[in-house]
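Structural overview
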Amino acid sequence: MSQHAEPSPGRPSHGGDASWAQRSGDRTSGWVTGGVVFAGVLLLLNGALAVLQGIAAIAEDDVYARIGTYVYEMSLTGWGIVHVILGALVFVTGFGLLKDMAWARVAGIVLASLSLIAQFLFLPYAPVWSVIMMAIDVFVIWALASRQDSASSRA
């Protein structure tokens, strides 16, 4: 009788086949990886559109409707500057995410969260657009937070 038992199916042997981890996560990992790439593209577009939104707010105060009193009142020029800066950072982060840079995932979650808050505060000026952008930000946060590094999925 041998002291060495055969490894059970689905469990790794210590020196052997490491592809079991890849096979076990195939059902969801491809979808999540695709979601991360899509999140990177959305960050690129979100950043570019936020820069354009900010430029429109800075250049022409007549682009957005005037509102009455608002709790989070800021001039449209101020909102424009916020959108340009945040949009540029989001754009660079989206590019970094598509290049699979290590810092981009955490930065993407943080910047998408900040974008979500900024769009919420911008709701009175462009309600439909802000809600759409908020939904995109939520998807980006989910896609980046649900991705697992390959090293941690094998442990």
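Residues numbered from 1 in each chain as written. Predicted model: local features only at pLDDT ≥ 70, side-chain atom pairs only at ≥ 80, totals over all residues. Heavy atoms only, no water.

1. Focus on empty space enclosed by the protein
- With the rule as written, the count across this model stands at 1 cavity of 30 Å³ or more.
- The volume enclosed by the largest cavity comes to roughly 50 Å³.
- Lining the largest cavity, in full, are Asn 46, Gly 47, Ala 50, His 83, Leu 86, Gly 87, Val 90, Ser 115, Ala 118 and Gln 119.
- Counting only elements with at least two residues in the lining of the largest cavity, the list comes to helix H2 (26-59), helix H3 (76-98) and helix H4 (102-121).
- A per-element tally of the lining of the largest cavity places H3 first, with 4 residues. (1 Å grid on protein atoms, 1.4 Å probe; cavity = no way out; pocket = protein on both sides within 12 Å on 5 of 7 lines; lining within 4 Å. Points joined across faces, edges and corners; volume = space filled by probe spheres on them. Helix = DSSP H or I, 4+ residues; strand = E, 2+ residues; numbered from the N terminus.)

2. Structural notes on a nonpolar patch on the surface
- A cluster of nonpolar side chains, Val 37, Phe 38, Val 41, Leu 45, Leu 49, Leu 52, Ile 55, Leu 98, Val 128, Trp 129 and Ile 132, forms an exposed patch at the surface whose accessible area comes to about 960 Å².
- Breaking the nonpolar patch down by element, the ones donating at least two residues are H2 and helix H5 (127-146).
- Top element by residues in the nonpolar patch is H2. It accounts for 7 residues.
- Summarising the element assignment, Val 37 is placed in helix H2. (Patch = residues over 30% accessible without salt bridge, like charges linked within 9 Å, V, L, I, M, F, W, Y side chains within 5 Å. Areas by Shrake-Rupley, 256 points an atom, 1.4 Å probe, with all protein chains shown as cover. Salt bridge = Lys/Arg side-chain N within 4 Å of Asp/Glu carboxyl O.)

3. Looking at the side chain of Asp 137
- The topology assignment puts Asp 137 in helix H5.
- The side chain of Asp 137 sits in the buried core without any salt bridge; Arg 105 is the nearest counter-charge, 16 Å away. (Buried < 20%, exposed > 50% of the residue type's maximum accessible area, 1.4 Å probe, protein only. Lys, Arg positive; Asp, Glu negative; His and termini not counted.)

4. Brief notes about the packing of H4 against H5
- It is at 9 Å that the axes of H4 and H5 come closest, and there the two elements cross at 160 degrees. Between H4 and H5, the angle is such that the two are roughly antiparallel. With respect to the hand of their crossing, H4 and H5 are arranged in left-handed fashion. On H5, the residues touching Arg 105, Gly 108, Ile 109, Ala 112, Ser 113, Ser 115, Leu 116, Gln 119 and Phe 120 of H4 are Trp 129, Ser 130, Met 133, Met 134, Asp 137, Val 138, Val 140, Ile 141, Leu 144 and Ala 145. (Axes fitted to C-alpha atoms, helices over the stretch in contact; angles between N-to-C directions. Parallel < 35°, antiparallel > 145°, perpendicular 65-115°, else oblique. Left-handed = near helix turned anticlockwise from the far one by under 90°. Contact = heavy atoms within 4.5 Å.)

5. Regarding the side chain of His 83
- Secondary-structure assignment places His 83 in helix H3.
- For His 83, a relative accessible area of 2% translates into the label buried.
- In contact with His 83, other than residues within four places in its own chain, are Ala 50, Val 51, Gln 53, Gly 54, Gln 119 and Phe 122.

6. Concerning H5
- The end-to-end C-alpha separation of H5 is 29 Å, in line with the 28 Å expected for 20 residues at 1.5 Å each.
- For H5, the set of buried residues is Ser 130, Met 133, Met 134, Asp 137, Val 140, Ala 143 and Leu 144. (Expected span 1.5 Å × (residues − 1).)

7. A word on the UniProt feature "transmembrane region" (unreviewed entry) in the protein chain
- Per the UniProt annotation, the sites labelled "transmembrane region" (unreviewed entry) are residues 31-56, 76-95, 102-122 and 128-145.
- Helix makes up 95% of residues 102-122 and strand makes up 0%, while its end C-alpha atoms are separated by 31 Å.
- Helix makes up 100% of residues 128-145 and strand 0%, with an end-to-end C-alpha separation of 26 Å. (UniProt positions renumbered as here; feature names shortened; annotations may be inferred.)

8. Things to note about the packing of aromatic side chains
- All chains considered together, the criterion is met by 4 aromatic pairs.
- A ring pair is formed by Phe 38 and Phe 139, whose centres lie 5.7 Å apart and whose planes are at 65 degrees; its orientation type is edge-to-face. A residue pair is termed long-range when its members are at least 10 positions apart, and Phe 38 in helix H2 and Phe 139 in helix H5 qualify at 101 residues.
- Under the relative-accessibility criterion, Phe 38 is labelled partly exposed at 44%.
- For Phe 139, a relative accessible area of 26% translates into the label partly exposed. (Phe/Tyr/Trp six-rings, centres within 6.5 Å; stacked < 30°, edge-to-face > 60°.)

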